[in-house]
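Chains, contacts and geometry: an overview
Here is what each chain is made of, one letter per residue.
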Amino acid sequence: MRAVLMAGGSGTRLRPLTCDLPKPMVPILNRPIAEHIINLLKRNGISEVIATLHYLPDVMRDYFQDGSEFGVEMTYAVEEDQPLGTAGCVKNIAELLDDTFLVISGDSITDFDLQAAIAFHKKKKSKATLILAKVPNPVEFGVVIADPDGKINRFLEKPSSSEIFSDTVNTGTYILEPEVLDYLPTNSECDFSKDLFPLLLEKQEPMYGYVGEGYWCDVGHLDAYREAQYDGLQSKVKIDFAYEEIKPGMWVGENTYIDPSAKIETPILIGSNCRIGARVNIEAGTVIGDNVSIGADSDLKRPIIGNGTAIGDEVSLSACSISRGSRVDRRAQILEGAVLGSLSTVGEEAQISSGVRVWPAKKIEPGAILNNNLIWGNRAQRNLFGQRGVSGIANIDITPEFAVKLGAAYGSTLKLGSQVAVSRDQRTVSRMVSRSLISGLMSAGIKIQNLEATAIPVSRAIVPKLGVVGGVHVRLHPDRKDFILIEFFDRQGINIPKAKEKKIEGTYFKEDLRRVTIEEIGNMSYPSQVVDTYSTTFETQLNVAAIRNSNSKVVIDYAYAVSGAVLPRLLAKFGCDAVVLNASLSQNPLSSQARDILLDQLGRVVEALKANLGVQVSANGEQFILVDESGSPIRGELLTALMVNVVMTANPRSTVVVPVQASSAVEQIARRHDGKVIRTKVNPTSLMEASQTNPNVVLGGSGEMGFIFPKLHPGFDAMFGIAKLIEMLTIQERSLVQMRTEMPRVCHKSYSMRCPWKVKGALMRHLVETHPTEKLELIDGVKIVEPQSDSWVLILPDAGEPLVHIYANSEDRKVTDFALSEYRNRVQKFIDSEQGVDRT
C-alpha cells in the first residue's frame with residue numbers, strides 16, 4: 001500500500017517556528033514531525049510514501065531525499081503555481097494511486113494502529129474511511145457522527161460552539177479507494193472535508209469512520225507544539241527517540257558533556273554534541289537540540305531549545321520555545337509561552353515576556369524588556385528614546401499600535417486631566433502616527449490641544465502660550481527618509497529631560513498604563529490663529545525697519561517637504577522679494593543626493609536672479625543651508641562659523657552655545673568679539689537647556705542641527721534664522737560672500753567607524769586612562785586637547801548605532817590629517833583586541 005503524506009502547509013498559527021520551515025519539518029523531540037509520521041508508516045508496513053509539497057518544498061526534499069536512509073521509498077509532488085487543497089493535491093497524483101491508499105496529514109503526532117484501520121476499511125468494503133479520535137474540545141476540528149456500525153451519516157468542518165454535535169473528530173488520516181478521486185475536478189483547489197466527503201455522502205457511497213485507539217495530537221498551534229513534546233517525554237505516545245535512553249526518562253545524544261554539578265530532573269531529552277555547564281538546573285520536560293551549549297548557573301524550566309543554540313550563564317528559560325541558531329546572553333529571561341525565531345539574539349539581562357513571539361533573525365538589545373510580538377522591525381531596543389526623541393522605521397517600528405501605547409505611557413506619567421499639545425508635519429504617515437498618539441493620550445485621561453500640521457518651530461513657540469504641560473511633535477526624521485521621529489516637549493517647548501524620558505520608558509515597558517472611565521477620557525480642541533500668534537512673536541524679535549530697507553531678494557527652496565509655507569508670507573510683509581521653489585508636498589521624501597541636486601539648482605537660480613541669498617529649508621522648518629550670491633552653498637561647520645560671526649558682530653561680549661564637536665573657528669570668532677563659547681553634549685535637549693539657562697546667550701546650535709534664538713523660543717528655527725540673518729547683513733552692510741572671506745581658516749574633519757555596543761564603554765575608559773588628565777575634556781565622549789592651541793581630537797560614541805565618530809580639528813591641515821589617521825588606527829586596534837581579532 002502507498003501512503004500520501006500531505007506536507008504542503010505553511011503553518012501560519014505556528015509562526016515564527018514556520019517562517020523558514022514547512023509545518024511537517026518542525027521538530028518534535030529533535031525530529032521533524034514528518035519523520036515521526038514516516039516511522040509510524042514503517043511500523044505499519046507501509047514503505048512507499050508520496051509527499052505533496054507546496055511551501056518551501058526543498059526543505060523536505062533535501063532532508064529525506066529518496067527516503068532510503070529512513071527505510072522507505074520517497075517520491076515528491078510539488079504544487080508549483082498554487083495550493084490545490086487537501087484533496088486537490090491528491091487528485092493531482094491520481095495516476096500514481098491505482099489501489100487502496102492511505103492519506104495522512106503532515107502536521108500531527110500519533111501512534112494509531114493503521115493496519116487495524118485498513119482491515120476495518122476492507123471489511124466494510126468502504127470507499128473512504130476516516131480515522132477518528134475523541135477529543136474534549138472539538139471546535140478546532142471536523143466533527144463526525146457515525147452509526148453503531150461505523151457508517152458516517154453527518155459531519156461538519158470546524159463548527160462553532162453552538163454547532164457541536166459530537167466529540168468525535170476527523171484526524172486528517174484517510175483510507176481511500178482510487179475511484180473516489182473521479183469525483184474531483186482536475187487542477188482545481190478542493191478539500192476532503194468541504195468538497196469530497198459531502199459529495200460522497202450525497203452520492204450514498206459507502207463511507208465509514210474508524211475510531212483510532214491511542215494518541216493523536218494535531219500540532220496546529222504553539223500550545224499543541226509544546227504539549228506534543230511533553231507527552232512524548234512522558235511516554236503518552238509511542239514514538240522512536242533519536243537518542244539512547246541512558247537511564248529511565250533521560251535520552252542523551254552522542255558526544256554530549258554534562259557537568260557533574262548540573263541538577264537534572266527526568267524525563268528530559270538532550271541532543272548530540274551539547275555542553276551543559278556547571279550548576280545548571282534542568283527541570284523535567286526540557287528538550288535540548290543538537291550542538292547546544294548551556295552556560296553555568298542557568299535555570300531551565302521545560303524550555304524547548306533548537307539545534308545550534310547558545311545559552312549564556314545565569315539565563316532563565318520557562319516553558320518557552322527557542323528556534324535553531326539563536327543566542328541568549330547572560331542573565332536574560334524568556335518567560336512562559338514565548339517563542340524566539342531562528343537566528344535571533346537576546347542580549348544580556350534582556351527579558352521576553354510571556355506569550356511574546358519573536359520572528360527570525362531579530363535582535364533584542366541588552367536590558368530590553370519585550371512585551372509585544374517583534375515581527376517587522378529588526379530589533380527590540382532597551383530604550384525608546386535615542387539622541388533626539390523616539391524614532392524608528394515608519395509603519396514597521398513606529399506603527400499605529402506602538403504609537404497608541406506610547407501615547408498612553410506618556411499620558412500615564414501626567415496628572416489626570418492635564419492638557420498636551422500635539423502637532424505634526426504634513427505627511428500622511430505623520431498624520432496616522434499622531435492620531436494614534438492622541439488616542440493613547442486620551443485613553444489615559446489627557447486633554448488634547450491639536451495643532452494639526454504645524455512646523456515644529458511654530459509648535460515650540462506656541463506651547464508656552466497654551467497653558468499645556470507639554471507637547472508632542474511627529475515628523476519625518478531629518479536624517480533618515482524612511483524613519484519617523486516623535487519629540488516630546490516640556491511646558492516651555494524644550495525637549496523633555498532624560499529623567500522624564502526614563503519615566504515614560506518605564507511606564508511603557510512595564511505596561512503600567514492608566515485606563516480611565518468613560519467620563520474621564522480626554523477631549524480634544526483645536527486652537528485658532530496659531531500661525532498668527534507665532535508671526536506676532538516673530539516680529540517682536542526683529543528690527544523690521546532694517547529688513548524693510550534692505551530690499552532683499554531671497555530664493556527659498558522647500559525641497560518638496562512643505563506646502564503653505566509661513567516664511568515667504570512674513571518676508572513679503574516686511575517688503576522682501578521672496579522667490580519660492582519646490583513648495584509642493586511630496587509624500588515620498590527626497591534622498592540626500594536628490595536634495596543636493598536641488599541645492600545646485602538653487603545656486604543657479606540665485607545667481608541668475610542676482611538675489612542676495614538663497615536658502616534650502618529642511619527638517620520641518622528647523623534646519624537650513626545657505627547659498628551666497630555667487631551660487632555657492634554654505635553649510636556644516638562653515639555655516640556654524642558664519643552664523644556665530646554675524647550674531648556676535650551684532651552682539652559683542654555675548655555668549656553662544658555649540659555642540660562639543662563644532663570646529664574651533666567658533667572660539668576664534670568669539671575672541672574677536674570678546675565673547676564666550678559654551679560647548680554641550682551632542683543632543684538637542686542639551687543645546688536647548690544650555691541656551692535657556694545660561695545668561696547672555698544670543699545663539700545656540702550648529703549648521704548640522706539648526707540654530708536656536710533663545711529670546712524667540714527654545715527650539716531650532718530656520719524661518720526666524722533666515723529673517724534675522726537678512727536683518728543683520730543689512731545693518732552690517734555686508735554680503736555673504738564678504739562674510740565668507742572673514743571666516744577663520746580651520747581644518748575640521750571627521751570619520752565614522754563600526755564599534756560594537758559592548759566595546760564602547762571599554763574604549764572610552766581606555767582613552768581616558770591612556771592620556772594625561774590635563775589634555776582631557778569629557779563633556780561628551782573623550783576629547784584630547786593640545787594645550788595653548790586650537791588642535792584637538794574628539795572620539796564620540798554614537799547614541800543610536802554601533803558606531804564611533806572621530807573628529808580632528810586644527811589650523812594646520814597636516815596636523816588634522818595625521819591626528820585623524822592616528823586615532824582611526826588606535827580605535828580600530830582596540831576594537832580588534834577586545835574582539836580577539838588579529839589583523840597582522
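Cut-off values and rules
Residues numbered from 1 in each chain as written. Predicted model: local features only at pLDDT ≥ 70, side-chain atom pairs only at ≥ 80, totals over all residues. Heavy atoms only, no water. Helix = DSSP H or I, 4+ residues; strand = E, 2+ residues; numbered from the N terminus. Buried < 20%, exposed > 50% of the residue type's maximum accessible area, 1.4 Å probe, protein only. Contact = heavy atoms within 4.5 Å. Areas by Shrake-Rupley, 256 points an atom, 1.4 Å probe, with all protein chains shown as cover. Lys, Arg positive; Asp, Glu negative; His and termini not counted. Charge placed at Lys NZ, Arg CZ, Asp CG, Glu CD. Core = buried A, V, L, I, M, F, W, Y, C linked by side-chain atoms within 4.5 Å. Salt bridge = Lys/Arg side-chain N within 4 Å of Asp/Glu carboxyl O. Axes fitted to C-alpha atoms, helices over the stretch in contact; angles between N-to-C directions. Parallel < 35°, antiparallel > 145°, perpendicular 65-115°, else oblique. Nonpolar A, V, L, I, M, F, W, Y, C, P; charged D, E, K, R; others polar. Pairing = 2+ DSSP bridges. pLDDT = per-residue confidence, 0-100. Disulfide = S-S within 2.5 Å. Expected span 1.5 Å × (residues − 1). Polar contact = N/O pair within 3.5 Å; in protein donor to acceptor, adjacent residues only side chain to side chain. Phe/Tyr/Trp six-rings, centres within 6.5 Å; stacked < 30°, edge-to-face > 60°. Lys NZ or Arg CZ within 6 Å of the ring centre and 35° of its normal.

Details of the overall build of the protein chain
Regarding its fold elements, the protein chain presents 21 helices and 56 strands. For the protein chain, the C-alpha atoms occupy an extent of roughly 110 × 60 × 50 Å along the three principal directions. A burial count over the protein chain gives 56% of its 840 residues as buried. Residue pairs in contact within the protein chain that sit at least 24 positions apart in sequence constitute 57% of those at least 6 positions apart. Accessible area for the protein chain stands at about 35,300 Å²; split by element, carbon and sulfur atoms hold 47% of it. Side-chain charges of the protein chain comprise 91 positive and 101 negative groups, with the mean position of each set lying 7 Å from the other.

Describing the nonpolar core
If you look at the biggest cluster of nonpolar residues, it comprises 65 residues, and the most contacted ones within it are Phe-538, Phe-624, Leu-626, Leu-699 and Leu-725. Broken down by element, this core gets its largest block of residues, 9 residues, from helix H18 (residues 718-732). For Phe-538, the contacting residues outside a window of four places in its chain are Leu-570, Phe-574, Leu-712, Met-719, Phe-720 and Ala-723. Of all hydrophobic cores here, the second largest spans 59 residues; its members include Leu-29, Cys-217, Ala-224 and Val-287.

Digging into the pattern of salt bridges
Under the defined criterion, the tally for this structure stands at 37 salt bridges. Here Asp-107 makes a salt bridge to Lys-23, at a shortest N to O gap of 2.8 Å. One end of the pair, Asp-107, is in the loop between strand S6 (101-105) and strand S7 (108-110); the other, Lys-23, is in the loop between strand S1 (2-6) and strand S2 (27-28), with 84 residues separating them in the sequence. Here Lys-127 makes a salt bridge to Glu-179, at a shortest N to O gap of 2.6 Å. Here Glu-179 lies in the loop between strand S11 (168-176) and helix H5 (192-202) and Lys-127 lies in the loop between helix H4 (114-123) and strand S8 (128-134), a separation of 52 residues in the sequence. Since its relative accessible area comes to 34%, Glu-179 is described here as partly exposed. Overlapping salt bridges bring together Arg-388, Arg-460, Arg-475, Glu-487 and Glu-622 as one network.

So, the packing of helix H9 (residues 456-466) against helix H11 (residues 530-540)
Relative orientation of the contacting elements H9 and H11 amounts to 90 degrees, with a least axis distance of 10 Å. In terms of their interaxial angle, H9 and H11 are classed as roughly perpendicular. Of the residues in H11, those in contact with Pro-457, Val-458, Ala-461, Ile-462 and Lys-465 of H9 are Val-530, Thr-533, Tyr-534 and Thr-537. Residue composition of the contact of H9 with H11, grouped by class: 6 nonpolar, 2 polar and 1 charged.

Quick notes on the side chain of His-121
Residue position: His-121 is located in helix H4. Excluding residues within four positions of it along the chain, His-121 makes contact with Thr-100, Ser-126, Lys-127, Ala-128, Thr-129, Ile-175, Leu-176 and Glu-177.

Description of the pairing of strand S41 (residues 483-489)
Burial of S41 is extensive: 7 of the 7 residues sit out of reach of the surface. Here S41 shows no split at all, with Phe-483, Leu-485, Glu-487 and Phe-489 on one side and Ile-484, Ile-486 and Phe-488 on the other all buried. One ladder, built from 4 bridges, connects strand S37 (residues 390-393) with S41; its direction is antiparallel. Bridging across to S41, Val-390 finds its partner in Ile-486. Where strand S40 (residues 470-476) lies against S41, 6 bridges are found, and the strand directions are antiparallel. Within S41, the residue paired with Val-474 across the bridge is Ile-486. The hairpin turn running from S40 into S41, its antiparallel successor, is 6 residues long.

As for the sheet that holds strand S39 (residues 447-453)
Strand order in the open sheet made by the 6 strands is S37-S41-S40-S38-S39-S42, with mixed pairing throughout. What marks the edges here is a single partner per strand, and that holds for S37 and strand S42 (524-525).

A short note on the confidence of the model for the protein chain
Residue-level pLDDT values for the protein chain average 91, and 96% of them are 70 or greater. Segment residues 159-165: pLDDT under 50, and 14 contacts once partners within four positions in sequence are set aside and those in other chains are kept.

Focus: the state of the cysteines
Covalent bonding between the sulfur atoms of two cysteines is what defines a disulfide. This structure, assessed with the given rule, holds 0 disulfides. Distance from the sulfur of Cys-190, which forms no disulfide, to the nearest cysteine sulfur (Cys-89) is 8.6 Å. Taking relative accessible area as the criterion, Cys-190 reaches 5% and is therefore assigned buried.

Some remarks on helix H21 (residues 813-835)
Since the α-helix advances by 3.6 residues per turn, residues separated by three or four positions end up pointing in the same direction. The end-to-end C-alpha distance of H21 is 33 Å, a good match for the 33 Å that 23 residues give at a rise of 1.5 Å each. Within the sequence span of H21, burial applies to Thr-816, Ala-819, Leu-820, Tyr-823, Val-827, Phe-830, Ile-831 and Asp-832. For H21, the side-chain oxygen to backbone nitrogen distance between the N-cap and Lys-814 is 2.8 Å, and the N-cap itself is Asp-812. Just beyond H21, the residue with positive phi is Gly-836, at close to 70 degrees.

A short note on the sheet that holds strand S35 (residues 369-370)
Spatially, the 7 strands line up as an open sheet ordered S17-S20-S23-S26-S29-S32-S35, and their pairing is parallel. Unpaired on one side and paired on the other, strand S17 (263-264) and S35 mark the two borders of the sheet. Pairing geometry for S17 and strand S20 (residues 281-282), over 2 bridges, is parallel. Bridge pairing links Ile-264 to Ile-282 in S20.

Structural notes on the packing of aromatic side chains
Under the criterion given, the structure shown has 17 aromatic pairs. A centroid spacing of 6.2 Å and a plane angle of 80 degrees characterise the contact between Phe-120 and Tyr-208, whose relative ring orientation is edge-to-face. Linking Phe-120 in helix H4 with Tyr-208 in strand S12 (residues 207-211), this pair joins segments that are 88 residues apart in sequence. Classification of Phe-120 by relative accessible area gives buried; the value is 16%. Over the ring of Tyr-508 we find Lys-405, and its NZ or CZ is 4.3 Å from the ring centre. Cation over ring: Arg-824 sits above Tyr-751, and NZ or CZ is 3.8 Å from the ring centre.

Remarks on the environment of Lys-573
Relative to the helices and strands, Lys-573 is located in helix H13 (residues 567-573). Considered as a pair, Lys-573 and Lys-724 are 151 residues apart in the sequence and their alpha carbons are 15 Å apart. When near neighbours in sequence (up to four residues on either side) are disregarded, Lys-573 contacts Glu-539 and Arg-548.

Quick look at helix H7 (residues 400-412)
Across its 13 residues, H7 extends 18 Å between first and last C-alpha, which sits within 8% of the 18 Å expected from 1.5 Å per residue. Counting buried positions along H7 yields 10 of 13 residues, so the element is predominantly enclosed. Within H7 the residues assigned to the buried category are Phe-402, Ala-403, Lys-405, Leu-406, Gly-407, Ala-408, Ala-409, Tyr-410, Gly-411 and Ser-412. Buried positions along H7 lie against S37, strand S38 (419-424), helix H8 (428-443), S40, S41 and helix H10 (498-510).

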